[in-house]
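Read off the chains here:
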Amino acid sequence: MPSVVSERHELVTTVMDRIIGIVASGAVEREGLDLIRLALLELTQRPDLFTAEHFHPPRDPKRNSNMFELYRSDGDGSTLYVSIAPAGLTTPVHYHTTWAVIAGLRGAEFNQFYTRDDAGRPVASNNFVVENGTAITMMPNDLHSIRIVETPDRFFSFHLYGLPLEQATERMFYVEDSDEWKYFAHRPNIRQFNLATGLADG
Ligand SMILES: [Fe+2]
């Protein structure tokens, strides 16, 4: 019988191979993102391969979330993360400077999307809850803010970006009080997860 480690390795590699193929077939536009979304959602069919036993929530509840890097494609392209975040966590309105697909496994995350007014300020538009088996797709300049909903489980999700987060250095968020856009600080708490061994560093 295959182990959790080998099944997870196989599943993530298969899904990422398909996604890398979609990305390689042309510029990622909304249509391509939808194919990527469908591929990424396959990970949400196997919650048994992504448990708290292997992906620990943050020890310090004041740290906003734990992120594990699961897979990075050659040449620092599409990069997959697992994120575990506590209820109540919110973010300001922001964009990612690269395409993004977020798929839910456990818990729920309320996403508010925005358009921009003539001055570039965010204007609330539609919203969507990411939870088990659902996902959102965003183009590089699309805006959203999030709030983790109170549920029995911490919010556990898959984040796929067009490039590694540490290279998305131009990501900005909106400060409502001062009506200005600011750069995100570098995220210090991303850990590497080795699919072959099933162990995270740190
Ligand atoms: Fe985001």
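Residues numbered from 1 in each chain as written. Predicted model: local features only at pLDDT ≥ 70, side-chain atom pairs only at ≥ 80, totals over all residues. Heavy atoms only, no water.

Draft legend 1. Molecular detail of the overall build of the protein. In terms of regular secondary structure, the protein is built from two helices and 13 strands. Taken against the 2.2 N^0.38 rule, which gives 17 Å for 202 residues, the C-alpha radius of gyration of the protein at 17 Å falls within 12% of a compact globule. Expressed along its principal axes, the backbone C-alpha trace of the protein runs to roughly 60 × 40 × 25 Å. Put simply, the protein has 202 residues, and 45% of those count as buried. In the protein, the proportion of contacts linking residues at least 24 apart, taken out of those at least 6 apart, comes to 72%. The protein carries 18 positive and 27 negative side-chain charges, and their two centres are separated by 6 Å. (Helix = DSSP H or I, 4+ residues; strand = E, 2+ residues; numbered from the N terminus. Rg over C-alpha atoms; globule rule 2.2 N^0.38 Å. Buried < 20%, exposed > 50% of the residue type's maximum accessible area, 1.4 Å probe, protein only. Contact = heavy atoms within 4.5 Å. Lys, Arg positive; Asp, Glu negative; His and termini not counted. Charge placed at Lys NZ, Arg CZ, Asp CG, Glu CD.)

Draft legend 2. Main features of the sheet that holds strand 13 (residues 199-200). Here we have seven strands laid out as an open sheet, ordered 7-4-9-2-1-12-13, and mixed in their pairing. Because the sheet does not close on itself, it has two edges, and the strands there are strand 7 (135-138) and strand 13. Across two bridges, the pairing between strand 12 (residues 190-194) and strand 13 is antiparallel. From the neighbouring strand, Asn 194 faces strand 13, where its bridge partner is Leu 199. Together, strand 1 (66-72), strand 2 (79-85), strand 9 (155-161) and strand 12 form the strand contacts of helix 1 (residues 4-24), whose direction differs from that of strand 1 by roughly 65°. Helix 2 (residues 30-40) rests against strand 2, strand 4 (100-106), strand 7 and strand 9 of the sheet, and its axis sits at about 25° to strand 4. (Pairing = 2+ DSSP bridges. Axes fitted to C-alpha atoms, helices over the stretch in contact; angles between N-to-C directions.)

Draft legend 3. Highlighting unusual backbone geometry. Here Thr 97, not a glycine, exhibits a phi torsion of approximately 65°, which is positive. In this structure, Thr 97 sits in the loop between strand 3 (94-95) and strand 4. On the basis of relative accessible area, Thr 97 is assigned to the partly exposed category, the value being 30%. Its identity as a non-glycine residue notwithstanding, Asp 179 has a phi of 50°, on the positive side. Positionally, Asp 179 belongs in the loop between strand 10 (172-175) and strand 11 (180-183). Residue class for Asp 179 comes out partly exposed when judged on its relative accessible area of 36%.

Draft legend 4. Focus on the coordination of the iron ion. At 2.1 Å from the iron ion lie its protein donor atoms, namely His 94 (NE2), His 96 (NE2) and His 144 (NE2). Look at His 144 and you get buried, because its relative accessible area is 4%. (Donors = N, O, S within 2.8 Å, 3.2 Å for Na, K, Ca; no water.)

Draft legend 5. Quick look at the packing of aromatic side chains. In total, this model carries eleven aromatic pairs according to the counting rule given. Summarising the aromatic geometry, the rings of Phe 55 and Phe 68 are spaced 5.4 Å apart at their centres and angled 80° between planes, so their arrangement reads as edge-to-face. In this pair, Phe 55 sits in the loop between helix 2 and strand 1 while Phe 68 sits in strand 1, placing the two residues 13 residues apart along the sequence. When sorted by exposure, Phe 55 lands in the same class as Phe 68, which is buried. Pairing Phe 156 with Phe 158 gives two aromatic rings, centres 6.1 Å apart and planes at 70°, and the pair type is edge-to-face. Like Phe 156, the residue Phe 158 is buried in the burial classification. One aromatic cluster is present, formed by Phe 50, Phe 55, Phe 68, Phe 156, Phe 158 and Phe 193 through successive ring pairs. Of note, Arg 171 hangs over the ring of Phe 184, and the distance from its end group to the ring centre comes to 4.6 Å. (Phe/Tyr/Trp six-rings, centres within 6.5 Å; stacked < 30°, edge-to-face > 60°. Lys NZ or Arg CZ within 6 Å of the ring centre and 35° of its normal.)

Draft legend 6. A look at the nonpolar core. Formed by 33 residues in total, the largest nonpolar core has its most connected members in Phe 50, Leu 80 and Phe 158. Contributions of two or more residues to this core are made by helix 1, helix 2, strand 1, strand 2, strand 4 and strand 9. Ranked by residues supplied to this core, first place goes to helix 1 with six residues. By size, the runner-up hydrophobic cluster in this structure holds 15 residues, among which are Phe 113, Ile 146, Phe 155 and Tyr 161. (Core = buried A, V, L, I, M, F, W, Y, C linked by side-chain atoms within 4.5 Å.)

Draft legend 7. Inspection of the side chain of Arg 171 at higher detail. Along the chain, the position of Arg 171 falls in the loop between strand 9 and strand 10. Buried within the structure, Arg 171 lacks any salt-bridge partner; its nearest side chain of opposite charge belongs to Glu 166, at an N-O separation of 9.4 Å. Ignoring anything within four residues of it in the chain, the contact list for Arg 171 reads Tyr 95, His 96, Thr 97, Leu 165, Lys 182, Tyr 183 and Phe 184. (Salt bridge = Lys/Arg side-chain N within 4 Å of Asp/Glu carboxyl O.)

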